[in-house]
Amino acid sequence: MTIHRQAFDGLIPGAITAIGVAVAATALLCAPTGLTAQSHTPGELHEPHILAAADFGIDPSAVTFTKDIAPILARSCVQCHRAGGAGPMAFTNYQEVRRYAPRIRNKTAIRDRMGAMPPWYVEKDIGIQHYKQDPSLTDEELAKIQAWANNGAPEGDPADLKVELDPVSEDGWRIEPDLVVKSNEVFVEGGVADWWGEIEPIDIPLEHDRYVKAVEIREVNDLPSEGSGRETVGARYVFHHLIYISRVPGAHLLEATGWPVHEVGRNPDFFSEEAGRLLKAGSQITSESAHLHSNGTDTRAHLEFGFEFFPEDYVPKYETARLGIGDGLNISIAPDQNGQELHAYNVLEDNLKIIAFEPHLHAPGDRMCLEAIWKQHIETLSCVGYDHNWVRTYSFAENYEPLLPKGTVLHITGYMNNTESNSNVPDTRNWQGSGNRSVANMFIDLGIQLRLSDEEFVAEMAKRREVLDLDVNDHVIGCPLCMAEIPLLPDIVEEEDGEPIVVSDVEASAAAEFLGTWTLPLESPQGTFNIGLEFSEGDDGMLAASVNPPTSPPEDASSIRRSDDGLVLKFTLTAFGSSIPATITLTSGDEANTMNAVVDLAGFSLSGTATKEGG
Amino acid sequence: MIGRFAVLLLAAVSISIPDGAEAQRHTYTKGQPLYPAYEGWEQNEDGSIDMLFGYMNQNWEQLLDVPIGADNQFSPGTADQGQPTHFLPRRNRFVFKVRIPSDFEEDDELVWTLRANGHEFKAYGSLRKDLFVDNVVIMSETGALGAGSSNPEIRANVPPAVELQGGMERSVRAGETLRLEAIVIDDGQPNRSSLVLSGGGSSDDEDDEEDAQEEDEAAAPEEEEEEDAGPTPRQLLASALRSSTATVTVSKRSGLHFTWFIYRGPEEGVEFDPPQIKPWEDTRPFANSPWARVWEAPELPEDGRWVSEVTFTQPGTYVLRGRADDGGLFSDVEVTVVVRAAVS
């Protein structure tokens with residue numbers, strides 16, 4: 001792969017912005033020598049993604065607006081860059097676009113850091129790559145844009161234009177709302193302090209309860225499209241967050257529905273197909289936590305809430321988890337330093353399906369990564385850049401949501417840039433700590449997760465195997481146990497009053513062939529050793545079992561279940577002061593009074609044939 | 001055979017132990033930097049402007065003493081602008097104010113320099129509009145509003161009124177006990193909150209069960225609380241530690257209290273009775289700090305009279321600061337104590 005070291009030469013005169021100059025200068029000074037040089041190394045300034053069209057088999061001189069660029073704009077840009085849209089300029093025909101060609105090239109080349117367009121910051125070289133409403137550009141598309149801009153931004157043959165660039169019917173919503181409600185207008189003076197407080201309740205005009213599939217909030221204000229002119233965060237908005245609920249007046253707080261936090265420049269939230277959120281008939285949206293930030297200009301603004309519903313007969317399957325990962329207390333960000341890391345952890349008490357990852361930082365925020373640690377297996381689920389002017393939620397595409405077993409440690413790392421290269425920070429010479437102000441700091445993943453029972457977790461993994469057509473040697477990011485038909489759940493022993501509860505779904509009378517004492521010789525790299533198995537009828541008539549290993553006293557099985565053609569025993573082996581989860585899977589042997597056995601000891605798998613004593 | 005099985009089990013145990021992934025975030029007790037912090041500026045009713053400063057002592061235990069001088073000074077102007085010389089651990093917000101001259105212009109700066117543990121840092125005070133502060137901002141940033149929730153009642157909160165009894169300058173011999181007494185009156189806002197931090201809001205919802213329980217607890221009559229002793233702090237801690245709720249932002253337990261701490265002068269040889277509530281953000285459980293995950297506000301004295309005793313073993317001049325804190329806003333008083341040598 002080669003790099004165009006002169007990628008930013010030959011610009012269209014008069015169209016270079018200050019950012020463009022900075023990016024161009026950085027590109028020329030730090031031109032990487034290959035794709036791998038697109039560094040995400042903490043503390044290093046991000047390099048633009050400069051790509052050569054020739055590496056994709058494209059003749060740079062043949063790249064035109066009508067054939068190559070317009071389809072990219074139609075998919076990823078004109079939703080905002082249109083008359084009346086959120087973008088400060090329209091990109092709905094060649095004449096509008098041509099003068100901004102260098103700027104489009106420079107902003108798209110940033111790709112996944114603050115200042116990038118489109119504002120979607122998923123890093124493409126790490127973690128899961130499947131998201132809902134992903135507007136990001138491929139390497140080939142970046143190469144085309146760069147070749148086109150560097151070549152004078154030719155229009156090409158009008159007959160090549162196959163896409164609609166002027167979305168006259170576009171109403172600005174990125175979901176398909178079935179219901180839109182509006183808040184009252186607020187007036188924020190240009191020079192006042194940050195404020196947190198209530199909004200007037202907003203009536204929900206529904207006659208029947210509905211489950212919500214997606215929600216989107218947008219701020220409508222009287223600021224010019226280029227913003228207030230303030231140099232720091234939030235020049236285009238005054239609502240910097242809204243924490244809100246919907247509740248029928250008079251109902252208990254526990255009967256309310258909580259909704260994702262609205263933040264500056266936010267994109268829609270998509271709920272799982274299995275966990276829509278309830279919007280009750282006759283309810284109201286209420287909040288005591290609207291954060292208003294003066295942007296230097298007197299501003300009138302209101303919020304519009306768009307709700308897209310599931311069908312009327314929809315019933316949710318799963319419960320939304322109440323999980324938080326973050327540390328908003330102990331933040332310390334030194335002055336004039338880039339690449340400063342913040343860390344927070346949470347141990348999952350339930351199996352979890354992660355629907356969305358939503359980094360929430362403040363002005364110095366530059367990047368956040370989400371990582372899952374299951375035992376000694378560590379895997380990054382997602383790394384994204386961050387721009388506090390464009391807070392994004394990243395909803396994983398269906399069948400790519402992480403499926404994590406209980407006991408997994410979720411770890412987020414925030415990367416903070418408190419240097420002049422971050423224009424969101426008012427004064428990078430100052431130390432920064434935590435707080436609610438836009439100039440103070442938060443550090444949290446506000447994403448959406450679902451809690452799964454063991455049975456649901458197993459079913460979700462089976463579905464994943466089927467849909468993705470996974471083979472036993474396939475690994476998918478974010479699903480460490482996906483190929484384990486019997487999941488290695490770390491907490492398989494339920495207890496009551498300190499005593500383990502034995503779970504057995506096998507009636508002894510229906511398992512007479514198992515009753516008795518068995519000897520199981522196991523082959524290991526170190527040789528053969530025997531385990532004893534004793535099956536009996538419990539007081540409740542269910543099958544009971546104890547396992548007699550050679551080095552420790554017999555252990556009662558904590559779980560005895562039928563498998564397709566045999567039994568699955570789970571027990572805990574005590575050795576060297578540690579408890580080791582173990583599973584024995586027994587199936588009928590080739591000869592009478594024998595059983596084939598597979599034993600899993602904390603990841604070691606051994607097999608042998610058990611023989612019944614006296615058989 | 002048994003030996004071989006033992007080897008296998010030992011291997012199984014070994015691979016179950018985390019392989020020592022390095023902790024990248026440590027809780028150092030000493031040796032780390034002391035950062036001066038510029039908190040913002042506020043405008044008084046008469047039009048004058050105060051700049052507010054605090055600090056972050058990155059250490060969890062080390063108390064730092066930095067005398068006024070090259071290592072602890074303001075510029076331009078007078079080096080001593082009333083800043084502390086005794087620095088408590090961790091985050092201390094809105095510690096002191098500096099009145100800026102009337103001819104101070106928007107491009108001017110007031111700079112506080114601190115050097116400790118071999119590191120020098122500066123806080124640059126300016127009149128940037130993003131840093132305009134009022135009482136709501138102070139309540140928000142010290143944690144009284146959780147993740148940013150308020151209502152007209154809490155926004156109307158005013159700082160407690162505190163009156164020092166016995167004068168602002170005292171003299172005592174080393175080893176003698178000095179009685180300190182302050183009368184505190186407050187408006188009752190914000191409501192006294194429960195023992196355990198809910199985390200300042202859950203991951204994305206405001207309606208989680210903990211918040212609801214807190215709301216109910218806050219609304220419950222006091223006599224009902226007395227009849228039902230409820231869970232002990234340790235039980236609450238266990239509950240809190242089981243909670244998956246994150247601390248999304250700075251959060252503080254409310255409950256009027258008055259506490260003394262050393263503002264200027266060394267800590268060594270100074271002993272308060274009773275032990276004082278920490279005015280700094282000790283976020284560890286049971287840390288006797290309103291920012292701790294579990295903290296119980298003290299009983300209010302019936303006459304509003306808060307009495308403490310302090311003993312010094314080393315002669316010298318000490319400035320003690322007394323803080324009346326309602327959980328949202330606070331008022332300070334100071335007493336200068338000259339400690340003379342003990343009579344031999």
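Predicted model only: the values in this text are computed from it and were never measured.

(A) Region of interest: the packing of aromatic side chains. Residues and elements named next belong to chain A. A full pass over the atoms with the stated rule returns 27 aromatic pairs over all chains. For the ring pair tryptophan 120 and tyrosine 131, a centre distance of 5.9 Å and an interplane angle of 80° mean the geometry is edge-to-face. You can see tryptophan 120 sitting in the loop between α4 (101-110) and α5 (139-150) and its partner tyrosine 131 sitting in the loop between α4 and α5, a full 11 residues away along the chain. Exposure class is identical for tryptophan 120 and tyrosine 131. Each is buried. When the ring of phenylalanine 310 is compared with that of tyrosine 314, the centres are 4.0 Å apart and the planes differ by 5°; the resulting orientation is stacked.

(B) The arrangement of the sheet that holds strand β15 (residues 316-325) of chain B in detail. All names here are of chain B. The strand order across the open sheet built from four strands is β10-β16-β15-β12, with neighbouring strands paired in mixed fashion. Only two strands of the sheet have a single partner each, and these edge strands are β10 (169-173) and β12 (257-264). Going across the sheet, the axis of each strand differs from the next one's by a mean of 30°, ignoring polarity. Taken together, the 10 bridges between β15 and strand β16 (residues 330-340) define a ladder with antiparallel strand orientation. Residue pairing across strands places arginine 323 opposite aspartate 332, the latter belonging to β16.

(C) Local environment of the state of the cysteines. All names here are of chain A. Applying the stated rule across the entire model yields two disulfides over all chains. The disulfide partner of cysteine 369 is cysteine 383, and the gap between their sulfur atoms is 1.9 Å. For the disulfide bridge between cysteine 369 and cysteine 383, the dihedral angle about the S-S bond is near 115°, and by the sign convention the bridge is right-handed. Of this pair, cysteine 369 sits in strand β18 (residues 365-374) while cysteine 383 sits in strand β19 (residues 377-385), placing them 14 residues apart in sequence. Neither residue differs from the other here; cysteine 369 and cysteine 383 are each classed as buried. Between the sulfur atoms of cysteine 479 and its disulfide partner cysteine 482 the distance amounts to 2.1 Å. Taking the torsion about the S-S bond as the criterion, the cysteine 479 to cysteine 482 disulfide, at about 85°, is right-handed.

(D) Quick peek at empty space enclosed by the protein. Counting across every chain of the model gives 11 cavities of 30 Å³ or more. Size it by volume and the largest cavity reaches roughly 260 Å³. As for the largest cavity, its lining consists of 20 residues, and the residues nearest its centre are Trp431, Gln432 and Val439 of chain A together with Tyr38 and Leu131 of chain B. Taken together, the elements giving at least two residues each to the lining of the largest cavity come down to β23 (432-433) of chain A together with β1 (34-43) and β6 (90-99) of chain B. For the lining of the largest cavity, the per-class residue count stands at nine nonpolar, four polar and seven charged. Contributing to the lining of the second largest cavity are 15 residues, with Asn92, Arg93, Val95, Pro279 and Arg323 of chain B lying nearest its centre. For the lining of the second largest cavity, the elements supplying multiple residues, two or more each, are β6 and β15 of chain B. No other element matches the four residues that β6 of chain B contributes to the lining of the second largest cavity.

(E) Layout of helix α2 (residues 65-76) of chain A. Residues and elements named next belong to chain A. All buried positions along α2 are accounted for by Phe65, Thr66, Asp68, Ile69, Ala70, Ile72, Leu73 and Ser76. Those residues of α2 that are buried lie in contact with α3 (94-98) and α5. Where α2 begins, one side-chain oxygen reaches toward the backbone nitrogen of lysine 67, 3.2 Å away; that side chain belongs to threonine 64.

(F) Broad picture of unusual backbone geometry. The step from methionine 117 of chain A to proline 118 of chain A runs through a cis peptide bond, and the omega angle for that step is -10°. Within the element layout of this structure, proline 118 of chain A appears in the loop between α4 and α5. A cis amide bond links glutamine 189 of chain B with the next residue in sequence, proline 190 of chain B, at an omega value of -10°. As for its position among the elements, proline 190 of chain B is in the loop between β11 (177-185) and α4 (209-219). Of note, the phi angle at alanine 153 of chain A is positive, near 55°, even though the residue is not glycine.

(G) Spotlight on the pattern of salt bridges. Counted by the stated rule, this structure contains 45 salt bridges over all chains. Here lysine 144 of chain A makes a salt bridge to aspartate 68 of chain A, at a shortest N to O gap of 3.7 Å. Taken together, the residues span a long stretch of sequence, with lysine 144 of chain A in helix α5 and aspartate 68 of chain A in helix α2 at a distance of 76 residues. We classify lysine 144 of chain A as buried; its relative accessible area is 16%. In this structure, glutamate 42 of chain B and lysine 97 of chain B form a salt bridge, with 2.7 Å as the shortest nitrogen-oxygen distance. Separated by 55 residues along the polypeptide, glutamate 42 of chain B in strand β1 and lysine 97 of chain B in strand β6 bring together distant segments of the chain. By sharing partners, the salt bridges in this structure join Asp112, Arg113, Glu123, Asp366 and Arg367 of chain A into a single network.

(H) Molecular detail of the sheet that holds β18 of chain A. Residue and element names in this part refer to chain A. Read from one edge of the open sheet, four strands run β15-β22-β18-β19, paired in antiparallel fashion. Of all the strands in the sheet, the pair left with one neighbour each is β15 (337-347) and β19. Between one strand and the next, the sheet's axes are offset by a mean angle of 20°, whatever the strand orientation. Relative to strand β22 (residues 409-418), β15 is paired through nine bridges, and the arrangement is antiparallel. Each residue of the ladder has a partner; that of glutamate 341, found in β22, is tyrosine 415.

(I) Geometry of the packing of α4 of chain A against α5 of chain A. Residue and element names in this part refer to chain A. Where α4 meets α5, the axes come as close as 9 Å, and the angle between the chain directions of the two elements is 150°. Of the possible angle classes, the one that applies to α4 and α5 is roughly antiparallel. As α4 packs across α5, the resulting crossing turns out to be left-handed. Residue-level contacts link Ala101, Ile104, Arg105, Thr108 and Ala109 of α4 to Leu142, Ile145, Gln146, Trp148, Ala149 and Asn150 of α5.

(J) Region of interest: the confidence of the model for chain A. Residues and elements named next belong to chain A. Mean pLDDT over chain A: 84, with 85% of residues reaching 70 or higher. In this model residues 1-38 is a low-confidence stretch, pLDDT under 50, and it forms 63 contacts with partners more than four residues away in sequence or in other chains. Note on residues 487-493: pLDDT is under 50 here. Beyond four places in sequence and across chains, it has 19 contacts.

(K) How the structure looks around the confidence of the model for chain B. Residue and element names in this part refer to chain B. Mean pLDDT for chain B: 83, with 77% of residues reaching 70 or above. Counting interchain partners and residues more than four positions distant, the pLDDT-below-50 stretch residues 10-24 has 18 contacts. Every residue in residues 198-228 is under pLDDT 50, and counting partners more than four places away or in other chains gives 65 contacts. Scored as a complex, the prediction yields pTM 0.79 and ipTM 0.84.

Cut-offs and rules
- Residues numbered from 1 in each chain as written.
- Chains lettered and ligands numbered in written order.
- Predicted model: local features only at pLDDT ≥ 70, side-chain atom pairs only at ≥ 80, totals over all residues.
- Heavy atoms only, no water.
- Phe/Tyr/Trp six-rings, centres within 6.5 Å; stacked < 30°, edge-to-face > 60°.
- Helix = DSSP H or I, 4+ residues; strand = E, 2+ residues; numbered from the N terminus.
- Buried < 20%, exposed > 50% of the residue type's maximum accessible area, 1.4 Å probe, protein only.
- Pairing = 2+ DSSP bridges.
- Axes fitted to C-alpha atoms, helices over the stretch in contact; angles between N-to-C directions.
- Disulfide = S-S within 2.5 Å.
- 1 Å grid on protein atoms, 1.4 Å probe; cavity = no way out; pocket = protein on both sides within 12 Å on 5 of 7 lines; lining within 4 Å.
- Points joined across faces, edges and corners; volume = space filled by probe spheres on them.
- Nonpolar A, V, L, I, M, F, W, Y, C, P; charged D, E, K, R; others polar.
- Contact = heavy atoms within 4.5 Å.
- Polar contact = N/O pair within 3.5 Å; in protein donor to acceptor, adjacent residues only side chain to side chain.
- Salt bridge = Lys/Arg side-chain N within 4 Å of Asp/Glu carboxyl O.
- Parallel < 35°, antiparallel > 145°, perpendicular 65-115°, else oblique.
- Left-handed = near helix turned anticlockwise from the far one by under 90°.
- pLDDT = per-residue confidence, 0-100.

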